[in-house]
Amino acid sequence: MSNNRKVPQPNTSSTADIAFLLLIFFLITTTMATDTGLSLRLPPPVDSDVEQKVEERNTLVVLVSQDNKLMCEKKEIELWELKDIAKEFIENPNNDPKLPKKVLVNIDFFGEVEVTKPHVISLQNDRGTNYSKFIEVQNELIAAYNELRNELSLKTFGKTFAELDEDRQKAVIDYYPLKISEAEPKEYK
Amino acid sequence: MSKFKKSSKSGSQELNASSMSDIIFMLLFFFMTVTSMKEVDFKVKFDLPQATELTKLEKKSLVTYIYIGPPTARNRARMGSETRIQLNDKYAEIADIQDYIAQEKGSMKEEDQPYMTVSLKIDKDTKMGIVNDVKQALRKAYALKISYAASKRQNEQLR
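Notes on the structure follow. All of these numbers come straight from a predicted model, not from anything done at the bench. (Residues numbered from 1 in each chain as written. Chains lettered and ligands numbered in written order. Predicted model: local features only at pLDDT ≥ 70, side-chain atom pairs only at ≥ 80, totals over all residues.)

Considerations on the overall build of chain A
Put simply, the rule reads: Under the DSSP-based scheme used, a helix requires at least four consecutive residues in state H or I and a strand at least two consecutive residues in state E, with every element numbered from the N terminus. Counting other C-beta atoms within 10 Å of each residue's C-beta, where C-beta atoms are placed from the backbone, gives the exposure class: buried for 20 or more, exposed for 12 or fewer, partly exposed between. Residues are treated as contacting if the C-beta atoms built from their backbones sit within 7 Å of each other.
Scanning chain A from N- to C-terminus turns up 4 helices and 8 strands. When the helices and strands of chain A are listed from N to C terminus, the series reads α-β-β-β-β-α-β-β-β-α-α-β. Taking all 189 residues of chain A together, 21% fall into the buried category. If you take every contact in chain A between residues at least 6 apart in sequence, the share linking residues at least 24 apart comes to 62%.

Right, here's the structure in full:
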């Protein structure tokens, strides 16, 4: 007698509206931007009494003074000069005895090569240095490394550094390891 | 003729909207998964410096933030305009950083701990003195992977 009675269906026409509302909420609150920055590693803590001895030819002292002037090896320079100075220092193309010593190391894909492994760029600043100036200098130094890595990748593999696979990237990084030491601040009078 | 009559009789045909909610839900889930809410209330103001050699911080779960800058206008009356450090939701001192890092490290999975990155969001007019103090504190806390947050510089202004 009730064989034609239907099971009542809930009215679903509003689900789309509800979902729309939620969608718009998430659309507005979404921030797609990822965090970007200059990445680097700090050295592990050491006892302050123990001074690490580095040969003079192996260090490039870059100093940003209190009034935001840039000094490189005791000479005042402009910011745009720094990248080329750093590149020449890291690469030491002509085996200059004043530039970092080259040592023979074994790197995958390259075999036995001579690289300036013991080099250190010492970035020093004063307590009164402006942070934005410091970042500009830091940026130039990292740019020097990135350019050298890129040039090496193009020469050896015919591709830019970003296009290489992980193993080859690692080999190129071993060839030009990032060695920027941010020394503890000193008081310059 | 009768063939066509049938369809024209019902007038304007309604669209089948039953799949619409599914499509909207799909979009909704996409946005829900990619959304990251603003982590904290900023109590300090920071204009990030600009740079060109940027790397992206991939995994949000591995990143810890430290904010440094002058207090925002709302808090200035109470806190003054001296550069301050903000950890999580409150102002902090240099001495608090080590505990903060240890606590953040503890809340991470053990296999992730060596990959922990500290993102330093520092106002560009800050003096290096406070930055150096923070850096020394991070070294002591063995949070050695750091990233100076910066935004992309569009045009090459040098030279």
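Structural notes on the nonpolar core
Selection criterion: Definition of nonpolar core: a set of buried Ala, Val, Leu, Ile, Met, Phe, Trp, Tyr and Cys residues joined via C-beta atoms within 7 Å.
By size, the foremost hydrophobic cluster in this structure holds 44 residues, and its most contacted members are Leu38, Ala86 and Ile135 of chain A together with Leu120, Leu138, Tyr148 and Ala150 of chain B. With 8 residues, the single largest contributor to this core is helix α3 (residues 131-157) of chain A. Ignoring anything within four residues of it in the chain, the contact list for Leu38 of chain A reads Ile135, Gln138, Asn139 and Ile142 of chain A together with Ala51, Glu53, Leu54, Ser147, Tyr148 and Ala150 of chain B.

Considerations on helix α2 (residues 79-91) of chain A
Residues and elements named next belong to chain A. For the record, the criterion: This arc describes the spread of directions from the helix axis toward the C-beta atoms.
Every buried residue of α2 is accounted for by Leu82, Ala86, Phe89 and Ile90. Here the buried residues of α2 occupy an arc of 90° about the axis, which is enough to place them on one side. For α2, the exposed residues set more than 90 degrees away from the buried face come down to Trp80 and Asp84. Elements in contact with the buried residues of α2: β2 (59-64), β3 (70-72), β4 (75-77), β7 (120-125) and α3. Note on α2: the residue one or two positions beyond its end, Asn92, has a positive phi of about 45°.

Points about the sheet that holds strand β7 (residues 145-149) of chain B
Spelled out, the test is: Any two strands are treated as partners once DSSP identifies two or more bridges connecting them. Orientation is described by lines fitted to C-alpha atoms, with helices fitted over the stretch in contact, and by angles between N-to-C directions that extend from 0 to 180 degrees.
On the basis of which strands lie adjacent, the open sheet formed by 7 strands has the order β2(B)-β1(A)-β7(B)-β6(B)-β3(B)-β4(B)-β5(B) and mixed pairing. At either end of the open sheet lies a strand with only one pairing partner, and these are β2 (55-56) and β5 (90-92) of chain B. Here 3 bridges tie strand β6 (residues 117-122) of chain B to β7 of chain B, and the two strands are oriented parallel to one another. In the strand pairing of β7 of chain B, Ser119 of chain B is matched with Ser147 of chain B. Packing of helix α5 (residues 128-140) of chain B onto the sheet brings it into contact with β3 (63-69), β4 (84-87), β6 and β7 of chain B, and relative to β3 of chain B it is tilted by some 155°.

As for the interface of chain B and chain A
The test is simple: Here the term charged refers only to Asp, Glu, Lys and Arg, the term nonpolar to Ala, Val, Leu, Ile, Met, Phe, Trp, Tyr, Cys and Pro, and the term polar to all other amino acids, Gly among them.
Contacts between the two partners involve 47 residues from chain B, matched on the other side by 41 residues from chain A. Of all the elements, helix α2 (residues 20-34) of chain B adds the most residues to the side of chain B that touches chain A, at 9 residues. Split by residue class, the side of chain B that touches chain A holds 26 nonpolar, 10 polar and 11 charged. Sheet analysis places strand β1 (residues 36-41) of chain A next to β2 of chain B, joined by 2 bridges and oriented antiparallel. Within the sheet, the bridge partner assigned to Gly37 of chain A lies in β2 of chain B and is Thr55 of chain B.

Description of the sheet that holds β3 of chain A
Residue and element names in this part refer to chain A. A sheet is described by the order of its strands in space; here 5 strands give the open sequence β4-β3-β2-β7-β8, paired in mixed fashion. Two strands bound the open sheet, and with one partner strand each, they are β4 and β8 (180-182). In this sheet, adjacent strand axes meet at a mean angle of 30° when their direction is disregarded. Relative to β8, β7 is paired through 3 bridges, and the arrangement is parallel. Bridge pairing links Ser122 to Ser181 in β8. Where α2 meets the sheet, it contacts β2, β3, β4 and β7, and its direction lies at approximately 25° from that of β3.

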